[in-house]
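One letter stands for each residue in the lines below.
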Amino acid sequence: MSTTDTDKKPLNFIEQIIEEDLRSGKHKQIVTRFPPEPNGYLHIGHAKSIVLNFSLAEKYGGRCNLRFDDTNPEKEEQKYIDAIIRDIEWLGYDYGGKPFYASDYFDILYEYAIKLIKAGKAYVDDQTAEEISATRGTPSVPGKESPWRNRSVEENLDLFERMKNGEFKEGERVLRAKIDMASPNMLLRDPAMYRIKHARHPRTGDKWHIYPMYDFAHGQCDSIEGVTHSLCTLEFENHRPLYNWFIENLGIFPSRQIEFARLNLSYTITSKRKLLQLVEEGIVNGWDDPRMPTLSGMRRRGFTAAAIKQFSHDVGIAKRENLIDVARLEHAVRADLNRKANRVLGILQPLKLVIENYPEDKVEMVQAVNNPENEAAGKREIPFSRELYIDRNDFMENPPSPRKYFRLGPERMVRLKYGYIVKCTGYEKDADGNVVLVKCEYYPESKSGQDTSGIKVKGTLSWVSAAQAEKVEVRLYDRLFKSENPALADDFHTELNPDSLTVIEDALVEPLVKELQPGDTVQFERLGYFTVDPDSTPDKLVFNRTITLRDSWAKKS
RNA sequence: UGACCCAUGGUGUAACUGGCAACACGUCUGAUUUUGGUUCAGAAGAGUCCAGGUUCGAGCCCUGGUGGGUCAACCA
């Protein structure tokens, strides 16, 4: 069974069910599955489900199948299948190397349908979709039985076969389960099992003219694969009686459907339809736009698989509706990157600083720590010289008291990280009143690592040497939506944050950054984590700001 | 005027077969710090939707409300 002796973490309700099933001997091994429909990209909500299903299989020594729910050829595409596989592999889960497809079981499903017809539990209905809808009733008013409900088994068999052979037009006939038109559960009012679609299927081609509905496919596929625990979201609760009805009336392996609450993330939309809209309307630059909550977008942004898994695990599993604070995701990302990302010095808004008492032509290499959280990351050297750039945000003409403000200002002293302590002796402004140059003098005996100056400063600034700095493009991201729950709005367009993307063309970084490759993430000290974007060229790197550092100073101001 | 599900600090999740509510994120202090990061120490913040009931004792059980979610695609 599990390793519960070591981890005391309380079990969620699904784990409790699983452990009970294992204990009672109901199952010797558990099987779960992740069943995406290939009609869009995977997003953070799917991640929760993926992590749940795969980690349960890992924890209890079972298996988790990746199964594409490809029962609707009109909406599904191969490109989505490819993207989904890529995302799951990126997360690092083992689906046995071979995905399954609902379409693998079309033949079996067809046999199942015939079995129900023969048992008098399914019939071909000649009514139109409109008629069926009109006679379904409402939640409080029973529906009316179809005039075709009681035709003979032989006629049903014949008609169904002809449906399969493509003899009818789409919408002309449908195969329905004969259950109960008066059921208080609308889904039990003779639900459709098969509909006619003369569409080419990405995998089965033109073989079929009829395709099974979700309800007639999902549970049976679970059953065929021996899925023991079929985990899905709350909106399928009402489907469970139907899920069970098919399994019972077919007499096949009883997979058990268990529902849990889907993930909702603050300031984020997780609706495939709306995400698709963002892409198609050009509001974002594709499915992998770093502002998108898609796995591909988050990956490009620089979020790690480890962080997303940790987050998915942290939010827990329960049955109540929830809205998880996006700060939680950000916390997971920072926690992971803090351990993994090497530090570099970078400047987003360059402001020139001249050390007037430093030799004109001297370039001195200073030693810098790559990652204080990981000694093995080693050290590097960066050039220091008379002319540097610091960040505009690190200088103020009229700063508040030194107790509250540690950075540079007239007469103030700061340390240039890994370098020397400098004192501001003056500054110059342009015609518009913008500070364009800061003048300093340095204390030669204050060099990092061999400081004998005895000077104590509170502030430490990032900097780059003007002559050696590398110019890069930096893309800053903010949340795509300005309201906490954009899904609530009638029109999500009104909730869009107009400042979700800011491009800085001329940020500066220390020279060694040149060697980074797309996908690499570093921390620009004091600023945040930045990941090299695939848009980078040999001439110019492009960085995505993955996430800022926590900033308790900015928060106060 | 139906069925099913849910209801615990700001947010999310816990509390074994009933024994006066825990953890995480967030927030706020303070310490350390050559990142106003990290780390460390600490604090505030709920009496468990409401009303009854059972019980020596209920967040957990029962009844009735209230509030929220889902369902009337030939979507998944």
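Residues numbered from 1 in each chain as written. Chains lettered and ligands numbered in written order. Predicted model: local features only at pLDDT ≥ 70, side-chain atom pairs only at ≥ 80, totals over all residues. Heavy atoms only, no water.

**Some details on the overall build of chain A**
This is how the line gets drawn: Each helix is a run of DSSP H or I of at least 4 residues and each strand a run of E of at least 2, with the numbering of both proceeding from the N terminus. For this measure, only C-alpha atoms enter the radius of gyration; the expected value for a globule follows 2.2 Å times N^0.38, where N is the number of residues. Any two residues whose heavy atoms approach within 4.5 Å are treated as being in contact. All accessibility values rest on the Shrake-Rupley procedure with a 1.4 Å probe; residue burial counts only the protein chains present in the view.
Tallying secondary structure elements over chain A gives 13 helices and 25 strands in all. The globule rule puts the C-alpha radius of gyration for 557 residues at 24 Å, and the 31 Å found for chain A is more than 25% above it. Overall, chain A is about 100 × 55 × 45 Å in size when its C-alpha atoms are taken along their principal axes. Taking the intrachain contacts of chain A between residues at least 6 apart in sequence as the baseline, contacts between residues at least 24 apart amount to 70%. Of the roughly 25,800 Å² that chain A leaves accessible, carbon and sulfur atoms contribute 48%.

**Structural notes on the environment of Gln310**
One can find Gln310 in helix α11 (residues 305-314). Considering only alpha carbons, one finds Gln310 and Val51, 259 residues apart in sequence, at a separation of 9.1 Å.

**Here's the deal with the side chain of Thr204**
So the rule is basically this: A 1.4 Å probe rolled over the protein chains alone gives each residue an accessible area, and that area as a share of the maximum for its type sets the label: buried under 20%, exposed over 50%, partly exposed in between.
Residue position: Thr204 is located in the loop between β6 (192-196) and β7 (210-212). The class for Thr204 is buried, based on a relative accessible area of 19%. Setting aside residues up to four positions removed in sequence, Thr204 forms contacts with Ser103, Phe106 and Tyr211.

**Digging into the protein's contact with RNA strand B**
As a reminder, the rule being used: One heavy atom within 4 Å of a molecule or strand makes the whole residue count as near it. Polar contact criterion, stated in full: a pair of N or O atoms within 3.5 Å, where within protein one must be able to donate a hydrogen and the other to accept it, and residues adjacent in sequence count only if both atoms are side-chain atoms.
Near RNA strand B, the surroundings consist of 65 residues, among which Thr71, Arg343, Arg407, Ser448 and Lys555 are the closest. Backbone atoms, meaning sugar and phosphate, form 63% of the atoms of RNA strand B found within 4 Å of the protein. With respect to RNA strand B, the side chain of Glu321 contributes an N or O atom lying 3.1 Å from a sugar or linking oxygen. Glu525 has a polar side-chain atom sitting 3.4 Å from a sugar or linking oxygen of RNA strand B.

**Looking at the sheet that holds strand β12 (residues 350-355)**
The strands that make up a sheet are held in pairs by hydrogen bonds between backbone atoms, and each pair lies either parallel or antiparallel. To keep it simple, the criterion reads: If DSSP finds at least two bridges between two strands, the strands pair.
A sheet is described by the order of its strands in space; here seven strands give the open sequence β19-β16-β17-β18-β12-β15-β20, paired in mixed fashion. Lying at the two open borders of the sheet, with one neighbouring strand each, are β19 (460-461) and β20 (464-465). Summarising the sheet, β12 and strand β15 (residues 387-391) pair through five bridges and their orientation is antiparallel. Note on β15: the bridge partner recorded for Lys352 is Tyr389.

**Let's talk about the packing of aromatic side chains**
Rules: Aromatic pairs are defined between Phe, Tyr and Trp rings, using the six-membered ring for Trp, whenever the two ring centres lie within 6.5 Å; interplanar angles under 30 degrees are classed as stacked, those over 60 as edge-to-face, and all others as tilted. Sitting over a ring, as applied to charges here, requires NZ of Lys or CZ of Arg to be within 6 Å of the ring centre and within 35 degrees of the ring normal.
Applying the stated criterion across every chain, the model contains 25 aromatic pairs. Ring geometry for Phe106 against Tyr211: centres 5.8 Å apart, planes inclined by 70 degrees, an arrangement best described as edge-to-face. One end of the pair, Phe106, is in helix α4 (residues 106-118); the other, Tyr211, is in strand β7, and 105 residues separate them in sequence. One aromatic cluster in this structure is built from Phe106, Tyr110, Phe160, Tyr194, Trp208, Tyr211, Phe216, Trp245 and Phe246. The ring of Trp90 is capped by Arg299, whose NZ or CZ atom sits 5.1 Å from the centre of that ring.

**Details of the domain arrangement of chain A**
Keep this limit in mind: Here the limits of each domain have been adopted from an automatic or database domain assignment.
In terms of domain boundaries, chain A breaks down into domain 1 (5-260), domain 2 (272-341 + 472-556) and domain 3 (346-462). Distance between the C-alpha centres of domain 1 and domain 3: 63 Å.

**Considerations on the nonpolar core**
The cut-off we apply is this: By convention a nonpolar core is built from buried Ala, Val, Leu, Ile, Met, Phe, Trp, Tyr and Cys residues, the set being connected through side-chain atoms within 4.5 Å.
Ile44, Ile50, Phe54, Ile88, Ile308 and Phe311 are the most contacted members of the largest nonpolar core, which totals 38 residues. Every element with two or more residues in this core is listed here: α2 (44-59), β2 (63-68), α3 (78-91), α10 (295-301), α11 and α12 (326-340). Looking at this core, the element that brings in the most residues is α2, giving six residues. When residues of this core are assigned to domains, at least three fall in each of domain 1 (5-260) and domain 2 (272-341 + 472-556). Beyond its immediate sequence surroundings of up to four residues, Phe311 is in contact with Ile44, Leu263, Leu265, Ile324, Arg328, Leu329 and Ala332. Of all hydrophobic cores here, the second largest spans 36 residues; its members include Tyr105, Leu159, Ala177 and Ile210.

**Overview of α11**
Put simply, the test is: In this context, the arc is that of the directions from the helix axis out to the C-beta atoms.
Turning to α11, its buried residues are Ala305, Ala307, Ile308, Phe311 and Ser312. When α11 is viewed along its axis, its buried side chains cluster within an angular range of 165 degrees and face the same direction. Against α2, α3, α10 and α12 lie the buried residues of α11. At the C-terminal side of α11, Gly316 shows a positive phi close to 80 degrees.

**Quick word on the pattern of salt bridges**
Opposite charge on two side chains lets them pair, provided their charged atoms get close. What counts, and what does not: Only one rule defines a salt bridge in this text: a Lys or Arg side-chain nitrogen within 4 Å of an Asp or Glu carboxyl oxygen.
The final tally for this structure, using the stated rule, is 42 salt bridges. Here Arg162 makes a salt bridge to Asp158, at a shortest N to O gap of 3.2 Å. Here Arg162 and its partner Asp158 are both found in helix α6 (residues 153-164), four residues apart, which amounts to about one turn of the helix. On the basis of relative accessible area, Arg162 is assigned to the partly exposed category, the value being 29%. Given the relative accessible area of 38%, Asp158 is considered partly exposed. Note that Asp535 is salt-bridged to Arg300, the shortest N-O span being 3.3 Å. In this pair, Asp535 is assigned in the loop between β24 (528-532) and β25 (542-548) and Arg300 in helix α10, connecting sequence segments 235 residues apart. One network of salt bridges, in which partners are shared, links Asp126, Arg151, Glu155, Lys169, Glu172 and Arg173.

**As for the sheet that holds strand β3 (residues 100-101)**
One open sheet holds the three strands; their spatial order is β1-β2-β3, and the pairing between them is parallel. Of all strands in the sheet, those with a lone pairing partner are β1 (31-34) and β3, marking the two edges. With two bridges connecting them, β2 and β3 associate as parallel partners. The partner of Phe68 across the bridge, within β3, is Tyr101.

**As for the environment of Lys340**
In this fold, Lys340 is placed in helix α12. Exposure remark for Lys340: the relative accessible area of 48% places this residue in the partly exposed category. Through-space distance from the C-alpha of Lys340 to that of Ile355 is 34 Å; in sequence the pair is 15 residues apart. When sequence neighbours within four positions are dropped, the list of residues in contact with Lys340 reads Ala306 and Asn371.

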